[in-house]
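# Residue-level structure breakdown
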Amino acid sequence: MVTGKFMLIDGNSLIYRAFFALKSLSTGQGQPTQAVYGFVNMLFKLLEEENPDYIMVAMDIGRETFRNEEYEEYKANRPSAPEDLVSQIPIIREFLDLMNIPVVEREGYEADDIIGTVSKKAEEEGLSPLIVTGDRDALQLISAETKVLLTKKGITNMELYDEDSVKEHFGLEASDLVEVKGLMGDSSDNIPGVPGVGEKTALRLIKEHKTIDRLLENLDQIKGKRLQENLQDYASQALLSRRL
């Protein structure tokens, strides 16, 4: 069994963060470079501060994933990436290749899916995964072995989440967060959730009932006629949102 810290970087998340956090930069020939500059600086800072034993970068391939097969409107509200950003991705890939840092990607899956799969397999092998991302969905992957470094502001401000900080922040176990997302949905991914249920209400309901399934079995205990009706009318949508 191997041991050590395994850093799993959400490449697309950090590239987008760098691109939008920094002012426009370019070479003398007009090639935009702010995403490259920001990503490289973030990576070097992570390597210096975290000193991982192993590292990989997960990337998306295209926009279509298995989720679109189940829900056609998944991420349908997302605009296409700016051309100035797209043109920098091959440069970042070349840089990672020169650094001998593997890029892992798979058709039909998102970087998040790859990170989730690899982190669980890494735990089984005795490693301690550290996920670096700007996507709060990754918090559901936290365990006794896995932690998440979540980007907050700019390219240097990050916050470390572990089991204790998730409980402190949300009042729930990390594994319960997918239930919360199922109820409240996610506008950035165009996941519908239940109308009228925001984060505060979703957190309260899952604290009380633990899962969406148990909540739906006990709708008669829900206070508020409108909320009760919405949960009943959009039950299948809540379950779909949790799967997504």
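Everything discussed here concerns the structure shown above.
## Some details on the overall build of the protein
In terms of helices and strands, the protein carries 12 helices and six strands. Taken against the 2.2 N^0.38 rule, which gives 18 Å for 244 residues, the C-alpha radius of gyration of the protein at 20 Å falls within 12% of a compact globule. Structurally, the protein occupies a C-alpha span of about 65 × 40 × 30 Å along its principal axes. The buried share of the protein, taken over its 244 residues, is 44%. A separation of at least 24 residues holds for 64% of the contacts in the protein among residues at least 6 apart in sequence. Surface accessibility of the protein: about 13,200 Å² in total, with carbon and sulfur atoms responsible for 47%. Between the centroid of the 28 positive side chains of the protein and the centroid of its 43 negative side chains there is a distance of 6 Å.

## Considerations on the pairing of strand β6 (residues 157-161)
Bridge count between strand β5 (residues 147-153) and β6: five bridges; the pairing is antiparallel. Among the inter-strand pairings, lysine 153 is bridged to a residue of β6, identified as asparagine 157. The antiparallel hairpin formed by β5 and β6 contains three residues in its connecting segment, where glycine 154 sits at a positive phi of about 65°.

## Thoughts on the layout of surface pockets
Empty space left among the atoms is revealed by rolling a probe the size of a water molecule over them. Roughly 210 Å³ of volume is contained in the second largest pocket. For the second largest pocket, the lining is made up of 13 residues, of which Arg136, Asp137, Phe170, Lys181 and Glu199 are closest to its centre. At the level of elements, α8 (177-184) and α9 (199-209) are the ones that each hand at least two residues to the lining of the second largest pocket. The biggest single contributor to the lining of the second largest pocket is α8, with five residues. Residue composition of the lining of the second largest pocket, by class: seven nonpolar, one polar and five charged.

## Structural notes on the packing of helix α2 (residues 34-50) against helix α5 (residues 89-98)
Look at α2 against α5: their axes get within 9 Å of each other, and the N-to-C directions meet at 30°. It follows from the interaxial angle that α2 and α5 lie roughly parallel. The crossing of α2 and α5 is right-handed. Contacts between α2 and α5 involve Ala35, Val36, Phe39, Val40, Leu43 and Phe44 on the former and, on the latter, Ile91, Ile92, Phe95 and Leu96. Looking at the contact of α2 with α5 residue by residue, the class counts come to 10 nonpolar, no polar and no charged.

## Notes on α9
Burial in α9 covers these residues: Ala202, Leu203, Leu205, Ile206 and His209. The buried residues of α9 occupy one face: seen down the axis, they fall within an arc of 165°. A positive phi of about 75° marks lysine 210, the residue just after α9.

## Observations regarding the sheet that holds strand β2 (residues 54-58)
Spatial strand order, β3-β2-β1-β4-β5-β6: six strands in an open sheet with mixed pairing. At either end of the open sheet lies a strand with only one pairing partner, and these are β3 (103-104) and β6. Here five bridges tie strand β1 (residues 5-10) to strand β4 (residues 128-133), and the two strands are oriented parallel to one another. When the bridges of β4 are listed, phenylalanine 6 appears paired with proline 129.

## A closer look at unusual backbone geometry
One non-glycine residue, asparagine 51, lies in positive phi territory at about 45°. Within the secondary structure, asparagine 51 is located in the loop between α2 and β2. The phi angle at asparagine 190 is positive, at roughly 60°, despite the residue not being glycine. With respect to the helices, strands and loops of the structure, asparagine 190 is situated in the loop between α8 and α9. By relative accessible area, asparagine 190 is classed as partly exposed at 24%.

## Focus on the nonpolar core
Residues Leu139, Ile142, Val148, Val166, Leu183, Ile222 and Leu231 are the most contacted members of the largest nonpolar core, which totals 37 residues. In contact with leucine 139, not counting residues within four places along its chain, are Val148, Tyr161, Phe170, Ala174 and Leu177. The next biggest cluster of nonpolar side chains, apart from the first, holds 26 residues, and it includes Val57, Leu85, Ile89 and Ile155.

## A word on the packing of α8 against helix α12 (residues 235-243)
For the pair α8 and α12, the least separation of the axes is 7 Å and the interaxial angle reads 130°. In terms of their interaxial angle, α8 and α12 are classed as oblique. Relative to α12, the crossing made by α8 is right-handed. Note on element contacts: α12 touches α8 through Ala238, Ser241 and Arg242, opposite Val178, Glu179, Gly182 and Leu183.

Calculation notes
Residues numbered from 1 in each chain as written. Predicted model: local features only at pLDDT ≥ 70, side-chain atom pairs only at ≥ 80, totals over all residues. Heavy atoms only, no water. Helix = DSSP H or I, 4+ residues; strand = E, 2+ residues; numbered from the N terminus. Rg over C-alpha atoms; globule rule 2.2 N^0.38 Å. Buried < 20%, exposed > 50% of the residue type's maximum accessible area, 1.4 Å probe, protein only. Contact = heavy atoms within 4.5 Å. Areas by Shrake-Rupley, 256 points an atom, 1.4 Å probe, with all protein chains shown as cover. Lys, Arg positive; Asp, Glu negative; His and termini not counted. Charge placed at Lys NZ, Arg CZ, Asp CG, Glu CD. Pairing = 2+ DSSP bridges. 1 Å grid on protein atoms, 1.4 Å probe; cavity = no way out; pocket = protein on both sides within 12 Å on 5 of 7 lines; lining within 4 Å. Points joined across faces, edges and corners; volume = space filled by probe spheres on them. Nonpolar A, V, L, I, M, F, W, Y, C, P; charged D, E, K, R; others polar. Axes fitted to C-alpha atoms, helices over the stretch in contact; angles between N-to-C directions. Parallel < 35°, antiparallel > 145°, perpendicular 65-115°, else oblique. Left-handed = near helix turned anticlockwise from the far one by under 90°. Arc of directions from axis to C-beta. Core = buried A, V, L, I, M, F, W, Y, C linked by side-chain atoms within 4.5 Å.

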